[in-house]
Structures are given as structure tokens and as C-alpha cells.
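Below, each chain spelled out in residue letters.
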Amino acid sequence: MYSIQLYGDRGVRIQFGNKIERQVNVNVHRFTSLLEKYPMKGITEWIPAYTSVTIYYNPGEITYMELEKKLNQLQKIMSEEAPPAARKITIPVCYEKEFAVDMDDVAEYHKLSSQEIIRLHTEPLYYVYMMGFMPGFPYLGGLSEKLFTPRLDSPRKRVDRGSVGIADQQTGIYPLDSPGGWRIIGKTPARLYDAEKENKILIRSGDMLQFEAIDSEAYYKIEDAVQNGEYQPEISEEKGDPS
Amino acid sequence: MKKIFEVIKPGLSTSIQDLGRMGYQKYGIPTSGAMDVFAHRVANLLVGNQEEEATLEIMLMGPQLKVLQDTVVAIGGADLSATIDDEPLNSWKSFRVYAGQILTFGKPVNGTYAYLAVSGGFFAEEVMGSKSTYAQANIGGLEGRVLQKGDYLLSADADWKSIRAGRYLKNTDLPNYEHHRPIRVITGPDIFAFSDKTYQQFYQESYRITEQSNRMGYRLDGKALSHTDRADIISDAVLPGTIQVPANGQPIVLLSDRQTTGGYARIATVITTDIPLLVQKKIGSEIQFLSVSLERAQADYLQQQRYLRMLRTALQQHI
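Residues numbered from 1 in each chain as written. Chains lettered and ligands numbered in written order. Predicted model: local features only at pLDDT ≥ 70, side-chain atom pairs only at ≥ 80, totals over all residues.

Enquirer: Now, about the overall build of chain A: what can you tell me, with residues and values included?
Expert: When helices and strands are tallied, chain A shows five helices and 14 strands. Its C-alpha radius of gyration of 20 Å places chain A within 12% of the 18 Å reference for a compact globule of 243 residues. If you line up chain A on its principal axes, its C-alpha atoms span 55 × 40 × 35 Å. By the burial criterion, 42% of the 243 residues in chain A qualify as buried. Nonlocal contacts in chain A, meaning residues at least 24 apart in sequence, comprise 64% of its contacts between residues at least 6 apart. (Helix = DSSP H or I, 4+ residues; strand = E, 2+ residues; numbered from the N terminus. Rg over C-alpha atoms; globule rule 2.2 N^0.38 Å. Buried ≥ 20, exposed ≤ 12 C-beta atoms within 10 Å, placed from the backbone. Contact = placed C-beta atoms within 7 Å.)

Enquirer: Could you give an account of the domain arrangement of chain A, with specific residues and numbers?
Expert: All names here are of chain A. Each assigned domain of chain A is listed here: domain 1 (3-80) and domain 2 (86-238). Here the C-alpha centroids of domain 1 and domain 2 sit 30 Å apart. If you look at the interface, domain 1 gives seven residues, while domain 2 gives six residues. (Domains from an automatic or database assignment.)

Enquirer: Let's hear about the UniProt feature "domain: Carboxyltransferase" (unreviewed entry) in chain A: which residues, and what values?
Expert: Following the UniProt record, one finds the feature "domain: Carboxyltransferase" (unreviewed entry) at residues 2-203 of chain A. Counted over residues 2-203 of chain A, helix gives 23% and strand 31%. Its end C-alpha atoms are 27 Å apart. (UniProt positions renumbered as here; feature names shortened; annotations may be inferred.)

Enquirer: Requested: an account of the packing of helix H1 (residues 37-46) of chain B against helix H4 (residues 294-317) of chain B, with residues and values cited.
Expert: All names here are of chain B. It is the contact of H1 with H4, at a shortest axis distance of 10 Å, that shows an interaxial angle of 15 degrees. Relative to H4, H1 is oriented roughly parallel. For the pair H1 and H4, the crossing hand works out as right-handed. Residues Phe-38, Arg-41, Val-42, Leu-45 and Leu-46 of H1 lie in contact with H4, whose contacting residues are Gln-304, Leu-308, Leu-311, Arg-312 and Leu-315. Along the lines of polarity and charge, the residues of the contact of H1 with H4 split into seven nonpolar, one polar and two charged. (Axes fitted to C-alpha atoms, helices over the stretch in contact; angles between N-to-C directions. Parallel < 35°, antiparallel > 145°, perpendicular 65-115°, else oblique. Left-handed = near helix turned anticlockwise from the far one by under 90°. Nonpolar A, V, L, I, M, F, W, Y, C, P; charged D, E, K, R; others polar.)

Enquirer: Describe the interface of chain A and chain B, and please don't skip the residues or the numbers.
Expert: Counting residues at the interface gives 35 residues for chain A, matched by 31 residues for chain B. Breaking the side of chain A that touches chain B down by element, the ones donating at least two residues are strand S1 (3-7), strand S2 (11-15), strand S3 (43-48), strand S4 (52-57) and strand S6 (126-131) of chain A. Tallying contributions element by element places S3 of chain A first for the side of chain A that touches chain B, with five residues. Here the residues of the side of chain A that touches chain B sort into 20 nonpolar, ten polar and five charged.

Enquirer: Now, about H4 of chain B: what can you tell me, with residues and values included?
Expert: Residues and elements named next belong to chain B. Over its 24 residues, H4 extends 35 Å from the first C-alpha to the last, a length consistent with the 34 Å expected when each residue adds 1.5 Å. The complete set of buried residues in H4 reads Ala-297, Gln-298 and Leu-315. Tucked inside the fold, the buried residues of H4 contact H1 and strand S12 (183-187). (Expected span 1.5 Å × (residues − 1).)

Enquirer: Talk me through the sheet that holds strand S2 (residues 14-17) of chain B; I want residue IDs and the actual numbers.
Expert: Residue and element names in this part refer to chain B. Strand order in the open sheet formed by five strands is S2-S3-S10-S5-S8, and the pairing between neighbours is antiparallel. Only two strands of the sheet have a single neighbouring strand rather than two, namely S2 and strand S8 (94-97). With strand direction ignored, the average angle separating the axes of adjacent strands in the sheet is 30 degrees. In terms of strand pairing, strand S3 (residues 55-59) meets strand S10 (residues 110-118) through four bridges, oriented antiparallel. Bridge pairing in S10 places Met-59 opposite Tyr-113. Lying over the sheet, H1 contacts S2, S3, strand S5 (71-79), S8 and S10, oriented at roughly 155 degrees with respect to S5. (Pairing = 2+ DSSP bridges.)

Enquirer: Before we move on, could you go through helix H5 (residues 216-227) of chain A and cite the residues and values that matter?
Expert: Here H5 of chain A spans 16 Å end to end across twelve residues, near enough to the 16 Å set by a 1.5 Å rise per residue. Immediately downstream of H5 of chain A, the backbone of Gly-229 of chain A shows phi near 70 degrees, a positive value.

Enquirer: Break down the confidence of the model for chain B for me, citing the residues and quoting the values.
Expert: Atomic detail in the predicted coordinates should be set aside for any region of low pLDDT. Per-chain confidence: chain B averages 95 in pLDDT, with 99% of residues scoring 70 or above. As a predicted assembly, this complex carries a pTM of 0.94 together with an ipTM value of 0.95. (pLDDT = per-residue confidence, 0-100.)

Enquirer: Residue-level account of unusual backbone geometry, with values.
Expert: Residues and elements named next belong to chain B. Following Gly-188, the chain continues to Pro-189 via a peptide bond in cis, the omega torsion being 15 degrees. Secondary-structure assignment places Pro-189 in the loop between S12 and helix H2 (196-204). Its identity as a non-glycine residue notwithstanding, Ser-81 has a phi of 50 degrees, on the positive side. By secondary structure assignment, the location of Ser-81 is in the loop between S5 and strand S6 (83-84). Positive phi values are uncommon outside glycine, yet Met-128 reaches one of about 50 degrees. Checked against the element boundaries, Met-128 lands in the loop between S10 and strand S11 (152-155).

Enquirer: Give me the sheet that holds strand S9 (residues 102-104) of chain B: which residues, what numbers.
Expert: Residue and element names in this part refer to chain B. Spatial ordering of the open sheet is given by S7-S6-S9-S4-S1-S11, a layout of six strands whose pairing is antiparallel. Strand pairing shows two members of the sheet lacking a second neighbour, strand S7 (87-88) and S11, which therefore form its edges. When strand S1 (residues 2-9) meets S11, the two strands line up antiparallel, connected through four bridges. Residue pairing across strands places Lys-3 opposite Leu-154, the latter belonging to S11.

Enquirer: Account for the pairing of strand S5 (residues 86-94) of chain A, with residues named and values stated.
Expert: All names here are of chain A. Bridging between S5 and strand S14 (residues 234-238) involves five bridges; their strand directions are antiparallel. The partner of Ala-86 across the bridge, within S14, is Glu-238. Here seven bridges tie S5 to strand S13 (residues 208-214), and the two strands are oriented parallel to one another. Directly across from Cys-94, in S13, lies its bridge partner Ile-214.

Spelled out as C-alpha cells, the structure:
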């Protein structure tokens, strides 16, 4: 599927499907890599999402008609574009009690041991469909059905930066302190958003994530290294179709 | 670089803003930036700055500032009864101010957001290409937050003496914040999430701007809008002026500090030139929406851009 529609007086929305599916999302990323490869005057930026990419443009530099024509041309060569190389990022997570306020409740809900929950949570290679919600927050696909857990009835006023949680069919990491209703089962010392760094955002849409269980000793060690600016999570480039 | 103001009283929510943080929404970083971009640009032009320089955005209850260096300032946007040593300071006009004077904002008269521009622009570290404050994530501006008592505001050394004070906008060019004309929108993008009947209702009813309105968005209250199926959509990009309708049927207009993506059906998007008119409306105001074509919206946008270019040229000749 490929459809193009206007969105306000400065937006164009290009849609590649109607469902949350890896193949649809890979096309979103194919298209955004073309936008990077062939910069167009008048395009200010773009926002990729699950099924679409929205382009924000300046009508003083390019008309909607011209833009639509150029985007259609890009779409024609899209199938020749290799899917962008996927990066695999390993995120260390401590699932011990002091970092996992909701672990007992989640274990109780699923009638599973916390060991079993950790195994189910660290097993999959998660796919980053899109970024949003807050700076550096990845929308991940791949959570085991066995871990689907409803949100808290009433959100907490503050969830710490780095907290790893589950909300319904999703798992995610809080990049910043924030209010939130996710069930917290662990915490990473790694920073998803780091104001001190040149590249402030760790994760990009299209990346693959793997959670790695660490003990609290390792947690504090990494936390120290992060504070000294000496820590970088393990990132490997993997060629080929991430699906 | 020099200290230009000392903050005696910070005001309700005063922050450094520019035209916003562009290019990082793909990583989930909101653009932030001035709520009323037009007033921000004009205030800058009046003091001889580039339009993208940082200004001080002042919401309703403004600050009290002590002038530390002679310079030229201008206020655009809302009339918040600004005075300098108790003498009224008109909006949309540049003034010379002198070290030791006290700049005070008082009772809001009309509009919600005022922009104080200073010759040379307010200084702040650029974070991801912008000086705009995004307080939720402590990004930009002065330590990523709104002003506090005791803060010092810095400015680049500008050749302010070459800027003639007394530059002003013609009366006929002043925006009218008390207007009753509808806020214009472009329908969609989620047109299939709403029936024709719901759209009819959306364009006929009025909506009140509620107290839960801020830089993220204006929450409206009116006759609830129904969805053909459900309120939730697959999370997707939102833009300045996008109007979301969550399950309770009460629309939310997304503004400068909006998240980059949202999960509620989007009934329409406010056109660029009408966003300033909307944000200047006071809490409790009733507004109506009118659907216009892309051609109409862009023609108005281009005309506003031409106006700003003309104004820049005219003011330059006025030196």
C-alpha cells in the first residue's frame, strides 16, 4: 500500500499500510532513508511512525503539487532501495527488587516466578517501530504474549529515568523521570537521552533491542561509568532485512 | 556577552523561546518554540534582530526585571500592561531602556502570550539547534526551565545604538486578539474516524478553552464529538495545530510543547496563520472552527511571509 494525503497546510502524510506489521514499518524506513539520500529543498523534517511518515514542509519553498510529484518519484525507486541496516543495541537491565517495584504484582498476575518473567523479557530481539511519547522513547514490538499486563489503575506521579516497564502489549524504557502508569519490572543504568552527549539519543527507529539481565553490582558500576561519560551500550550493525 | 536583566519576580511561566527545535522529532524530541510565532518574529524585527533570535515568552502574569545595561527592547503579542519605571510601555514598538530601570508586567489586558525582544537577542546555549526551553525534559533556555527569581538574562553584545528606538507597527497591522472570527482548519487527516454528522457538529458548535490549557495544547470543552468506531488510532505523527479527539469526545489542539506522536483520531489541523490567533485567546473564551482549502491556507501563509519581509526592509530603512 502507498497513499499520500495532505495534513494541515504544512504537512504531507504518506501511508504504507493499516496494521502494526514489521513489513509495513520497514517500508516506512526505506522511504525515510531515501529522504535522507535525496534531500529536497523545502522539506523541514519528517516523523516516521508505525505505518506512515509525515513530512513537514515550507510552502514558501515548495508547493504541495511539486512535493507530491517528487515523493511519488521516490516511491517508484523505493523497491530498489535495500532496507536500512539494522543496529542491534544491548540494554543492560537490573530486575532486582530495589529496581522493580511491580515485579511481584506482575509475577502474581501471570502466576509466574520472577525468574521466568526475566527469562521471557530478555529472550526476544525487540524491534523499534518508532520513537515518540518523550525524547528518546522507543515503541518496541516483540513482547511475549505471556507478559501482557494491564497498566496501573492510577499512574504514578513519578517514574525514574531508566525504568523498564510493561503496559498492555508493550514494553518500554522511560528516558526521563516522568509520571507514568507502566508496571515497572526493572531499570537500566544506560541513558536513552543524554543531554551531555553529542548524540543525545541512543535509539533510532528501525533498531533492534535486546535486554540483558545484570545484578545490582553491575548496575552501579555501569551507572558510575555513565556519570563519568565512559559508558556506551553494545551496538552492532547487522546488515540485511531486519524482518 | 553581558548581563542584561536581573529577574526580580519571575512571573507565572516565563521562558526563553525561538522558532523551535527542528529536525529531531524523529527521535521523539518536541519542537517547542514560541506559541505565537508571528508576535515573536515582529518583536525581533522591531529591535533590529533576525526573526529567529530568542525572545522571552511571557504568559499572562509577567515578570519584573531590572535593566542592567542600556539597550533597545520591544514587546509583541499580548498586552500585559508593561511599564518601565511606572511609565506605560506600548506593545509593538521599540524603546530604549537604561541601566537601573525596572521593567514590570502588570494586568493582562488582551491576549495571553507576550514576547520581549532585546537588541542582540537573549543568549542561551543552543541544544539541538535551538535555544527554546522545553521544561518537561529540561532542554534549552535557561537551565531548561522557566525563569526564577535571581536569574540573570544574558544578551549578545549588539550595536544597539545604531537601532533607532521608536520603530513601530502601523495600527492597521496590529493583530486583533478580541476577534470573533472562527479559527480556520484543514479537515483531517483521520476523516474516516468521524461521520459527516460529527463533522457538521464540529463546524457548528462552539468550544470553550478550558483551564487545562498550556504550551502542550489547548483542551477544549463543548458538545462531545463521537467517533465512527473508536478514538484510538495506531500512534502517528502530530503537527502544530493538530486537533485530537480522545474517547471523551472533547477536542485538544496540540501546540508548541506537544509530543511528536499521538494515539487519538485527528479531526482537523489549525492552519499556520491562525495558530497565533488561537493561542492568544484567553482561558474561558468560546471558539468556533471553519474548514478552509489548502490553497486558501497557503495563500494566507505566503502573504504573511511577504508582510514580514516587507516589514524587515521598511524597518531597516528606518534606521
